[in-house]
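Given next are the chains, with one letter for each unit.
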Amino acid sequence: MAPPAYEISVDKLTYAHVPGAPPSLTNVNIHLPKGSRTILVGANGAGKSTLLQILAGKRLISSQGTEVRIKGRDVFRSTPEGITFLGTEWAMNPVVRGDIVVSDFLNSVGGYRHKARRDLLLDILDVDLDWHMHQISDGERRRVQLVMGLMADWDVLLLDEVTVDLDVLVRNDLLQFLKKDSETRGATILYATHIFDGLNEFPTHVAHMHLGTFLMEPTAWPFASAAAGGITGADLGPSPSLYAVALQWLGEDRERRRALEKEGRKRRGARKDAVPSDSETFYRKYDYSH
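Remember, predicted model here, so these are calculated numbers, not experimental data.

K.L.:
I'm lost on unusual backbone geometry in this one. Help?
P.N.:
Most of the time, phi is negative for any residue but glycine, and the peptide bond is trans. Following W221, the chain continues into P222 via a peptide bond in cis, with omega recorded as 5°. One non-glycine residue, K12, lies in the positive phi region at around 55°. Mapped onto the fold, K12 is located in strand β1 (residues 8–15). We note that S239 has phi near 50°; this positive angle belongs to a residue other than glycine. Assignment of secondary structure puts S239 in the loop between β10 (213–220) and α6 (242–262).

K.L.:
It is not clear to me how the sheet that holds strand β4 (residues 67–70) should be interpreted in this structure. Could you clarify?
P.N.:
Hydrogen bonding along the main chain pairs the strands of a sheet, whether they run parallel or antiparallel. Here 4 strands make up an open sheet; going across it, the order is β2-β1-β4-β5 and the pairing antiparallel. Bordering the open sheet on either side are β2 (25–32) and β5 (73–74), each of which pairs with just one other strand. In this sheet, β5 lies alongside β4 in antiparallel orientation, the contact comprising 2 bridges. Bridge pairing in β5 links I70 to R73. Sheet strands touched by helix α1 (residues 48–55): β1, β2 and β4. Its angle to β1, the strand with the most contacts, is close to 120°.

K.L.:
For this particular structure, what's the right way to read the pattern of salt bridges?
P.N.:
When charged atoms on two side chains of opposite charge get close, those side chains can pair. With the rule as written, the count across this model stands at 16 salt bridges. Notably, a salt bridge pairs E67 with R69, separated by 3.4 Å at the nearest N-O pair. For R69, a relative accessible area of 30% corresponds to the partly exposed category. Here R142 and D165 are joined by a salt bridge, their closest N and O atoms 2.9 Å apart. Within this pair, whereas R142 is found in helix α4 (residues 138–150), its partner D165 is found in the loop between β7 (156–160) and α5 (168–185), the two being separated by 23 residues in sequence. We classify R142 as buried; its relative accessible area is 2%. One connected set of salt bridges, linked through shared partners, spans R117, D153, D181 and R185.

K.L.:
Sorry, what's going on with α1 here?
P.N.:
Counting buried residues along α1, 7 of its 8 residues qualify, which places the element largely inside the surrounding structure. Among all positions in α1, only K48, T50, L51, L52, Q53, I54 and L55 are buried. Just beyond α1, the residue with positive phi is G57, at close to 80°.

K.L.:
How should I be thinking about the nonpolar core in this particular structure?
P.N.:
One broad trend across soluble globular proteins is that nonpolar side chains are buried collectively. Ranked by internal contacts, the top residues of the largest apolar core, which has 47 residues, are L125, V144, L150 and L178. For this core, the elements supplying multiple residues, two or more each, are β3 (37–41), α2 (102–108), α3 (115–124), α4, β7, α5, β8 (188–192) and α6. Considering every element that reaches this core, the biggest residue donor is α5, with 5 residues. Counting 27 residues, the second largest nonpolar core, distinct from the first, contains L52, F85, L158 and L190.

K.L.:
Help me understand the side chain of T188 in this model?
P.N.:
Examined against the element boundaries, T188 turns out to sit in strand β8. Beyond its immediate sequence surroundings of up to four residues, T188 is in contact with E7, I8, P33, K34, G35, S36, W154, D155, V156 and L157.

K.L.:
Mind showing me how you'd approach the packing of aromatic side chains here?
P.N.:
Each aromatic ring pair is described using two quantities: the centre-to-centre distance and the angle formed by the ring planes. Tallied over the full model, the rule gives 3 aromatic pairs. Among the aromatic residues, those joined into a cluster by ring pairs are W221, F223 and W249. A cation over an aromatic ring shows up here: R37 above the ring of F202, its NZ or CZ 5.8 Å from the ring centre. Lying across the ring of W154, R185 places its NZ or CZ 5.1 Å from the centre.

K.L.:
Would you mind going over the pairing of β4 with me for this structure?
P.N.:
One face of the sheet, then the other: side chains in a regular strand alternate in exactly this way. Residues V68 and I70 of β4 are buried on one face, while the alternating residues E67 and R69, pointing to the opposite face, are not. Alignment of β1 against β4, held across 4 bridges, turns out to be antiparallel. Along β4, the bridge assignment pairs D11 with E67. Hairpin connection of β4 to β5: 2 residues between the antiparallel strands, including K71 at a positive phi of 60°.

K.L.:
Sorry, what's going on with the sheet that holds strand β9 (residues 205–210) here?
P.N.:
Read from one edge to the other, the open sheet built from 6 strands follows the order β6-β7-β8-β3-β9-β10, with strand pairing classed as mixed. Each end of this open sheet is capped by a strand with a single partner; those strands are β6 (83–86) and β10. For this sheet the average axis-to-axis angle between neighbouring strands, irrespective of direction, equals 10°. Sheet analysis places β9 next to β10, joined by 5 bridges and oriented antiparallel. By the bridge assignment, H208 is partnered in β10 with M216. Relative to β7, α1 is tilted by about 150°, and along the sheet it contacts β3, β6, β7, β8, β9 and β10. Together, β3, β9 and β10 form the strand contacts of α6, whose direction differs from that of β9 by roughly 15°.

What counts, and at which threshold
- Residues numbered from 1 in each chain as written.
- Predicted model: local features only at pLDDT ≥ 70, side-chain atom pairs only at ≥ 80, totals over all residues.
- Heavy atoms only, no water.
- Helix = DSSP H or I, 4+ residues; strand = E, 2+ residues; numbered from the N terminus.
- Pairing = 2+ DSSP bridges.
- Contact = heavy atoms within 4.5 Å.
- Axes fitted to C-alpha atoms, helices over the stretch in contact; angles between N-to-C directions.
- Salt bridge = Lys/Arg side-chain N within 4 Å of Asp/Glu carboxyl O.
- Buried < 20%, exposed > 50% of the residue type's maximum accessible area, 1.4 Å probe, protein only.
- Core = buried A, V, L, I, M, F, W, Y, C linked by side-chain atoms within 4.5 Å.
- Phe/Tyr/Trp six-rings, centres within 6.5 Å; stacked < 30°, edge-to-face > 60°.
- Lys NZ or Arg CZ within 6 Å of the ring centre and 35° of its normal.

Below, the structure is given as structure tokens:
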């Protein structure tokens, strides 16, 4: 059997969190080759997390004609092995905030079966096996999550803002590990982040999401010029950095959204509604005791 043309393949994906509500994703199409490392760029609410959760099989899609495949298999009906999803909600789970020692926690999820990779990650992420999960910081808890999620060999890694709690040194060491792991084993990474410092050498592709659609589907990185990234109204110089490209994209996205707000889309930001100035009217308006 021939290998699939793409490691991650999404066609005609439209998704709404609530039936009848405006879609969070609209006609999404992406095709990523095996071994690629793609950065998803987009403002909060662009649909990055929703897309990653769908790829991880965490949200069921039933739309006619929609295909979501990883390693050539339907992620909902024939889920392939080797998919790892790491998101920010893990560290908030009360189970992982209990009084359990890190060494026992990792062994309880099979750490002893992946000792070589586990030990490498323990050193890279600077984790103390004697930490108690309820006593450590969110950043230290995030490091434990990463050890747990990465210690088994993965083929496709879906990362949703999981480096946000890491200090710059640990984050850099982790990215170097992931890049080497991807290059060595041909593993594929799709990574949503808002932190672009130090990322220039990491991705093979970059994509731009805005209000649930792709303004630029995954495109080979680095760009030879800003124009290659669809940027024509700013001079970012030759070979712009990912940070400069992301900053320009997000600024343009905000202007697009504000233009839609003028046409009737719900407006963000401050309102001009009057706040009662006399105390009796104020407290009558904000009295929630009844």
